[in-house]
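What follows is the residue order along each chain.
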Amino acid sequence: MWSWFLSFRFSLARVPAVSALILTNRQAMENGDAKQTSPTRLNTFTLLSALLASATSVLLGYDIGVMSGAAFLIRENLKISAVQEEVLVGTLNVFSLIGSLASGKTSDYIGRRYTIVLASFTFLVGAILMGLGPSFAFILCGRMVAGIGVGYALMIAPLYTAELSPEMTRGFLTSLPEVFITLGILLGYIVNYFLSSLPEHISWRLMLGLAALPAIAIALSVMAMPESPRWLVMKGRIPHAKRVLLRISTTPEEAELKLHQITKAAEPGPENWRGQGVWKDLLLRPTRPIRRMLVTAIGINFFMQASGNDAVIYYCPEVFKAAGIHSKKQLFGVNVIMGIAKSSFVLLSAFYLDKFGRRPLLLLGTAGMAVSLSALGLGSTILQHSSSKPLWAVVVSIVAVCADVSFFSIGLGPITWVYSSEIFPSRLRAQGSSLAISVNRLVSGVVSMTFLSISGKITFGGMFFVLAGIMVLATGFFYVFMPETKGKTLEEMETLFEDTNTDSNKVKETEMDSA
């Protein structure tokens, strides 16, 4: 595992977003009169900590990938209905809502690092229960427990990484959770492919139970990571925060400058601060920038799952079985091809996210998904109404599925985690992110648990056309509501989300009064 991290780190030397020295100008004095230019680059310890934290997301990815094959085998082995299969698949997403909602308060209470440990341990228990499950009800209980762990992991990994990262490489580092989700999906597909030849009652249990191994490795490795300096400042532990900043910065001067910015923005509280009053500031009396942040964060998380990406991955074997592919090896082989395409494009997006920015890649991704889903709907419709199952329609459907997950990996996949974790102020970040990601989990559960039923009513082709329409709406939403956050510090976000029209009107009124 460590050798993989080291080889990955050295491969970054060729990536524009990570390799170059980055010059940043930030205020050095509280009165704003003096400015200091300091050389900043990606610190090796910061990269390693981001990789370890993001590795928790491999748990969700593995479950998504492996469950697409395991659910298919469980249905045949235990003779469950299509509705029970939907419940089994969607339960993890629904219960991850609990973990997402609780993760904000938990991470404010015990810290970011120990929340990652808690996420890994909870998923470990769920994986063991699923692997040993003798019945549908037992497996369902395991997925409930694992879902809570997934909810914790999805919120805390990008948030912790964002709070550790330099602003000019934050997009790359904070998109690493999606990279690990994608690698986990690919790993799940590969496990499906190689275990599918075993007897049914053994194969799916091994597929689900093997998830315990990465959970153990992650829980142990996280103990070597530092605590978030921004959380330490909010707890009033300034000396401890300074020690962490010295480790994740390239120079002592840079560490001092960051500490000054964080303490000025975060307003350090007492050591017994546990996130009190945050929900009131978020929901009951939010300022204009906070309201815009919340709408944007909830919107991007809603559209991420309303795109149907998880459902397409979960039920891909069912879709291609309806298209005339019946061999298990062939069905799982299509999944592997899709996983390779998804992994390739999420890495491409992560490497260039800090160069091109969030908005361009997000708009490209959602527009591309709209086209791909339309093509998939067309191919599925032709296959369903044709007795001969023309080969060209099968090829179009396979290419469209690969294109859909690839465009998702360019835009919505990584950028949702980046945006949700970077836009809120320090005091509101954990619980604001947890609220947005709870919407993500809720929509994911609803889509996963209704995909087959709705498709049975309107056909797979009709379902894909509906998802294409949703992506058209998403493109419009992002164009209107989302400002670019590339290169901004976390402490500058509140200014970025100010209502510019209101601000310009105030300036005009001031000029008129002075005249």
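Each value, and the rule that gives it
- Residues numbered from 1 in each chain as written.
- Predicted model: local features only at pLDDT ≥ 70, side-chain atom pairs only at ≥ 80, totals over all residues.
- Heavy atoms only, no water.
- Helix = DSSP H or I, 4+ residues; strand = E, 2+ residues; numbered from the N terminus.
- Buried < 20%, exposed > 50% of the residue type's maximum accessible area, 1.4 Å probe, protein only.
- Contact = heavy atoms within 4.5 Å.
- Areas by Shrake-Rupley, 256 points an atom, 1.4 Å probe, with all protein chains shown as cover.
- Phe/Tyr/Trp six-rings, centres within 6.5 Å; stacked < 30°, edge-to-face > 60°.
- Lys NZ or Arg CZ within 6 Å of the ring centre and 35° of its normal.
- Axes fitted to C-alpha atoms, helices over the stretch in contact; angles between N-to-C directions.
- Parallel < 35°, antiparallel > 145°, perpendicular 65-115°, else oblique.
- Nonpolar A, V, L, I, M, F, W, Y, C, P; charged D, E, K, R; others polar.
- Core = buried A, V, L, I, M, F, W, Y, C linked by side-chain atoms within 4.5 Å.
- Domains from an automatic or database assignment.
- Left-handed = near helix turned anticlockwise from the far one by under 90°.
- Patch = residues over 30% accessible without salt bridge, like charges linked within 9 Å, V, L, I, M, F, W, Y side chains within 5 Å.
- Salt bridge = Lys/Arg side-chain N within 4 Å of Asp/Glu carboxyl O.
- Polar contact = N/O pair within 3.5 Å; in protein donor to acceptor, adjacent residues only side chain to side chain.
- pLDDT = per-residue confidence, 0-100.

### So, the overall build of the protein
- From N to C terminus, the protein includes 25 helices and 2 strands.
- Taking all 515 residues of the protein together, 58% fall into the buried category.
- Looking at the protein alone, contacts between residues at least 24 apart form 83% of all its contacts between residues at least 6 apart.
- For the protein, the exposed area adds up to about 19,800 Å²; of that, 66% sits on carbon and sulfur atoms.

### Quick look at the packing of aromatic side chains
- Inspection of the entire model under this criterion finds 12 aromatic pairs.
- Residues Phe-303 and Phe-477 carry aromatic rings whose centres are separated by 5.6 Å and whose planes lie at 50 degrees to one another, so their mutual orientation is tilted. Taken together, the residues span a long stretch of sequence, with Phe-303 in helix H16 (residues 288–306) and Phe-477 in helix H23 (residues 426–481) at a distance of 174 residues. Considered together, Phe-303 and Phe-477 belong to a single accessibility category, that of buried residues.
- Among the aromatic residues, those joined into a ring-pair cluster are Phe-302, Phe-303, Phe-477, Phe-478 and Phe-481.
- Cation over ring: Arg-247 sits above Phe-45, and NZ or CZ is 4.0 Å from the ring centre.

### What about the packing of helix H5 (residues 82–110) against H23?
- At a minimum axis distance of 8 Å, the contact between H5 and H23 shows a crossing angle of 175 degrees. By the angle class used here, H5 and H23 are roughly antiparallel.
- Split into classes, the residues belonging to the contact of H5 with H23 amount to 12 nonpolar, 16 polar and 5 charged.

### Topic: the side chain of Ser-203
- Mapped onto the elements of the fold, Ser-203 is located in helix H10 (residues 200–209).
- Taking the relative accessible area as the measure of exposure, Ser-203 reaches 0% and is therefore buried.
- With sequence-adjacent residues up to four places away left out, Ser-203 is seen in contact with Leu-73, Leu-195 and Leu-198.

### Some thoughts on the nonpolar core
- In terms of nonpolar packing, the biggest core is built from 134 residues, with Leu-208, Leu-412, Phe-451 and Phe-478 touching the most fellow members.
- Structurally, this core is a two-domain feature, drawing no fewer than three residues from each of domain 1 (43–225) and domain 2 (286–498).
- Excluding residues within four positions of it along the chain, Phe-451 makes contact with Glu-86, Ala-311, Tyr-315, Phe-460, Met-463, Phe-464 and Leu-467.

### Overview of the packing of helix H4 (residues 58–78) against helix H9 (residues 176–195)
- As a packed pair, H4 and H9 sit with axes 6 Å apart at the nearest point and diverge in direction by 30 degrees. Relative to H9, the element H4 lies roughly parallel. H4 and H9 meet at a crossing whose hand is right-handed. Contacts between H4 and H9 involve Val-58, Leu-60, Gly-61, Tyr-62, Ile-64, Gly-65, Val-66, Ser-68, Gly-69 and Ala-70 from the former and Phe-180, Ile-181, Gly-184, Ile-185, Leu-187, Gly-188, Tyr-189, Val-191 and Asn-192 from the latter.
- Looking at the contact of H4 with H9, its residues break down into 12 nonpolar, 7 polar and no charged.

### Observations regarding a nonpolar patch on the surface
- Taken together, the side chains of Tyr-109, Ile-110, Tyr-114, Leu-118 and Met-223 present a nonpolar region at the surface, about 440 Å² in accessible area.
- For the nonpolar patch, the secondary structure elements donating two or more residues are H5 and helix H6 (112–132).

### Re the environment of Ile-156
- Mapped onto the elements of the fold, Ile-156 is located in helix H7 (residues 136–164).
- Among the residues examined, Ile-156 registers a relative accessible area of 0% and is labelled buried.
- C-alpha of Ile-156 to C-alpha of Ser-103: the two residues are 53 residues apart in sequence and 7.1 Å apart in space.
- If sequence neighbours within four positions are ignored, Ile-156 has contacts with Ser-107, Arg-112, Thr-115 and Ile-116.

### Observations regarding unusual backbone geometry
- Notably, Lys-79 is not glycine yet its phi reads approximately 55 degrees, a positive angle.
- By secondary structure assignment, the location of Lys-79 is in the loop between H4 and H5.
- Using a relative accessible area of 68% as the deciding quantity, one classes Lys-79 as exposed.

### Quick notes on the pattern of salt bridges
- Tallied over the entire structure, the rule returns 10 salt bridges.
- A salt bridge links Glu-85 to Arg-75, with the shortest nitrogen-to-oxygen separation between them at 3.0 Å. With Glu-85 in helix H5 and Arg-75 in helix H4, this residue pair connects regions lying 10 residues apart in the sequence.
- Between Glu-254 and Lys-258 there is a salt bridge; the shortest N-O distance is 2.9 Å.

### Structural notes on the side chain of Ser-420
- By secondary structure assignment, the location of Ser-420 is in helix H22 (residues 412–422).
- Of note is the side chain of Ser-420, whose polar atom sits 2.7 Å from the backbone oxygen of Thr-416.

### Observations regarding the confidence of the model for the protein
- Per-residue pLDDT for the protein has a mean of 79; in total, 84% of the residues score no lower than 70.
- The spread of mean pLDDT over the elements of the protein runs between strand E1 (residues 22–27), the lowest at 36, and H16, the highest at 92.
- The model gives residues 1–40 a pLDDT under 50, and that stretch makes 76 contacts with residues more than four places away or in other chains.
- Note that pLDDT drops below 50 for residues 500–515; the model gives that stretch 2 contacts with residues more than four away or on any other chain.

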